[in-house]
Amino acid sequence: MCNHYKEKITTKILSNKTIADNVYEMQLTVPSIVKEARAGQFVNLYLKDESKLLPRPISICEVDIQTNILTLVYAVFGEGTRIISGYMAGSDIQIMGPFGNGYELTEGGTHLLVGGGVGTPPLVELAKRLSGEIIVVVGFKSETYLVEELKKYATVYVATDDGSTGFHGTVVDVLDAHNLRTGKVYACGPKPMLKALQNWVEESQLEAQLSLEERMGCGFGACVGCVVKVISDNEAGYDYKKVCVDGPVFNSKEVIFS
Amino acid sequence: MKLSVSIAGVEFKNPVFTGSGTFNSGREFVEFVDLSKIGAVVVKGVANKPWLGNPSPRIAETYGGMLNSVGLQNLGVDHFIKEDVPFLRRYDTKIVVNLAGKTIEEYCEVADKLRYADVDMLELNISCPNVKEGGVAFGVNAEMAALVTREVKACSKQPLLVKLSPNVTDIVSIAKAVEAAGADGLTMINTLIGMKIDVHKRKPVLANKMGGLSGPAIKPVGIRMVYQAAKEVGIPIIGLGGIMTGEDAIEYLMAGASAIAVGTANLVNPSATMEVLQGIIDYMNLYGVTDIKDLVGVIA
Ligand SMILES: Cc1cc2nc3c(=O)[nH]c(=O)nc-3n(C[C@H](O)[C@H](O)[C@H](O)COP(=O)(O)OP(=O)(O)OC[C@H]3O[C@@H](n4cnc5c(N)ncnc54)[C@H](O)[C@@H]3O)c2cc1C
Ligand SMILES: Cc1cc2nc3c(=O)[nH]c(=O)nc-3n(C[C@H](O)[C@H](O)[C@H](O)COP(=O)(O)O)c2cc1C
Ligand code: FES
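Residues numbered from 1 in each chain as written. Chains lettered and ligands numbered in written order. Predicted model: local features only at pLDDT ≥ 70, side-chain atom pairs only at ≥ 80, totals over all residues. Heavy atoms only, no water.

## As for the overall build of chain B
If you tally the helices and strands in chain B, you get 8 helices and 18 strands. Taking 300 residues into account, the globule formula puts the C-alpha radius of gyration at 19 Å, and chain B, at 18 Å, falls close to it. With respect to the three principal axes, the spread of C-alpha positions in chain B is 50 × 50 × 40 Å. Across the 300 residues of chain B, 61% fall into the buried class. Within chain B, counting contacts between residues at least 6 apart in sequence, those at least 24 apart form 69% of the total. With an accessible surface of roughly 11,500 Å², chain B has 54% of that area assigned to carbon and sulfur atoms. (Helix = DSSP H or I, 4+ residues; strand = E, 2+ residues; numbered from the N terminus. Rg over C-alpha atoms; globule rule 2.2 N^0.38 Å. Buried < 20%, exposed > 50% of the residue type's maximum accessible area, 1.4 Å probe, protein only. Contact = heavy atoms within 4.5 Å. Areas by Shrake-Rupley, 256 points an atom, 1.4 Å probe, with all protein chains shown as cover.)

## Some details on the layout of surface pockets
All names here are of chain B. As a volume, the second largest pocket reaches approximately 1,200 Å³. Along the wall of the second largest pocket there are 50 residues; nearest its centre are N68, L72, N190, T191 and G212. Looking at the lining of the second largest pocket, the elements that each hand over two or more residues are β6 (65-68), β10 (136-137) and β16 (210-214). Top contributing element to the lining of the second largest pocket by residue count: β16, with 4 residues. Here the lining of the second largest pocket is built from residues that sort into 20 nonpolar, 27 polar and 3 charged. (1 Å grid on protein atoms, 1.4 Å probe; cavity = no way out; pocket = protein on both sides within 12 Å on 5 of 7 lines; lining within 4 Å. Points joined across faces, edges and corners; volume = space filled by probe spheres on them. Nonpolar A, V, L, I, M, F, W, Y, C, P; charged D, E, K, R; others polar.)

## Quick notes on helix α3 (residues 121-129) of chain A
The element α3 of chain A is largely enclosed, with a buried count of 7 among its 9 residues. Turning to α3 of chain A, its buried residues are P121, P122, L123, V124, E125, L126 and A127 of chain A.

## A short note on the pattern of salt bridges
Side chains that carry opposite charge are capable of pairing whenever their charged atoms lie near each other. All chains considered together, the criterion is met by 26 salt bridges over all chains. A salt bridge links R129 of chain A to E125 of chain A; the nearest nitrogen and oxygen atoms lie 2.7 Å apart. Within this pair, R129 of chain A and its partner E125 of chain A are both found in helix α3, separated by 4 residues, close to a single helical turn. The exposure class assigned to R129 of chain A is partly exposed, which follows from its relative accessible area of 33%. The partner of E28 of chain B in a salt bridge is K242 of chain A, with the nearest N and O atoms 3.7 Å apart. Linking E28 of chain B in the loop between β3 (16-18) and β4 (40-42) with K242 of chain A in strand β15 (residues 238-242), this pair reaches from one chain into another. Among the residues examined, K242 of chain A registers a relative accessible area of 15% and is labelled buried. (Salt bridge = Lys/Arg side-chain N within 4 Å of Asp/Glu carboxyl O.)

## A few points about the site of ligand 1
Residue and element names in this part refer to chain A. Inspection of the region around ligand 1 gives 20 residues, with P57, A75, T81, E213 and R215 positioned closest. Between ligand 1 and S59, the relevant distance is 2.9 Å, taken from a nitrogen atom to a side-chain nitrogen or oxygen of the residue. In the environment of ligand 1, an oxygen atom lies 2.7 Å from a nitrogen or oxygen atom belonging to the backbone of A75. Calculation on ligand 1 without its partners gives an accessible area of 820 Å², and the protein chains cover 90% of this total. (Near = heavy atom within 4 Å. Polar contact = N/O pair within 3.5 Å; in protein donor to acceptor, adjacent residues only side chain to side chain.)

Below, the structure written as structure tokens:
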């Protein structure tokens, strides 16, 4: 096969360790992905067990151009991620990417990064690449992670559902409590959080980029399986866009949450 | 070694096609494969006007396969002719257009517009719901399958393949009826209707509840149906359903298919078509097969 064609890469896992309850950090050396990667893009991880064919899309948490190391942070959600969490350092894994559009970056000004749970990882590379004043608001159920990494680049506010760390409440509660109605908004997190944030940015008259999740068949635009409803000027008033190639990052104004 | 196959007067450089709906119109794959090395690109279903498709989630993983309920989202035939035909023509491959419709008139509108387009062959997807018959698929019985085949054949310029639905009790009677109605070839199989329930949420995984099962899990069904149909019809068959490797493809050829298509495998490995082609070549080398035709239907 010709070398200039993109393909699945088999690479060695450098480390795969737990960083919080049910949350893992995996590091891999993948020069081609590290070189191309933008903040907010994702990679596909493939399982060795061929009874589970479909890719597990995971956001790029951080890339290091010097060492070619890609860092992913993922939660054990179902069977596939449970199996991946058991892969040992030194063993091989198949990966492909980077995929998706990533966040649009603007120079200078104030940037408000909002994350919830495993929506936090992509904010690390994003915070690293932005310039200007960077404020991060992240929410967790209980245990927190990646907060120290984010503090290297930003002022960080933490919220937890149980109040064990930081603010007792949601990220939107933090935004209101500290009156953080300023700057460009970048978000990633569970649907209920994004929905609440969509209302909040509209009220606050701010521009927001939301990173969405959907079940994927391919990750590169071929199956039209991963769609999100968006506002359209056609007869129906809506259309479907692909999360994997038109997103995962969308303008908050166009997304219709069902 | 002779890999080329001739179907209804169209010469394909090799027997590896793409499964409709798993390759779009090829654009997403140019980073991964040289489209000129594929026998034919069978494009995603094209309707007379844009279809929005079904709500999300549209995809569910199942053991050795997947369910999809994309609902034939497509931008319509005018867009296809303007954007996709010129794009595909830049490559040395044949273009097969999969036709989607909710009525015979809609299918014919697409076929009619394609008369003047530079495409090589049509593939009629009779798994679409027939709105005039309360939404049951055209392909579920021999009479309806024959009727839609006859009408669409009459309004088509290019040779017409008919893609059969496996969700039937007697595939042979449908294959024979479609042949008698004028089909130039058969494509089999489409997806098997399936369902998956999330027991923790107590609801179906797909927003549409049911979807089409594809992937390696369905291969034995595809092999069986191609085998049964090939015994009873004279027209060529394009075999598909769960092909992941060259050996899977050889299995379809031996069951009686003249060519094969790679579907779901493209989604999980975008260079799957090339790996399947190489696998076929390796097999032929291993057993000294000089013409791919010599493998077709060798199982008695
Ligand atoms: C663009 C994108 C980026 C993501 N980034 C991260 C990340 O950085 N960290 C992280 O922990 N999780 C992330 N996710 C969610 C992650 O992909 C799912 O948690 C994971 O696929 C679940 O797999 P499973 O086998 O454990 O679950 P199962 O439920 O067993 O999986 C069954 C099928 O459903 C799919 N699926 C299940 N849940 C989701 C979901 N929420 N989104 C998409 N597909 C799903 C699986 O991929 C698989 O095909 C991301 C999802 C998307 C779409
Ligand atoms: C996401 C997806 C979309 C599909 N869309 C179409 C379509 O538009 N028209 C059609 O005739 N078949 C469609 N099919 C069926 C495939 O072409 C093929 O017949 C079926 O998936 C079995 O082959 P496989 O197991 O190799 O995928 C689709 C299948 C999948 C997985
Ligand atoms: S996952 Fe296949 S198109 Fe997005």
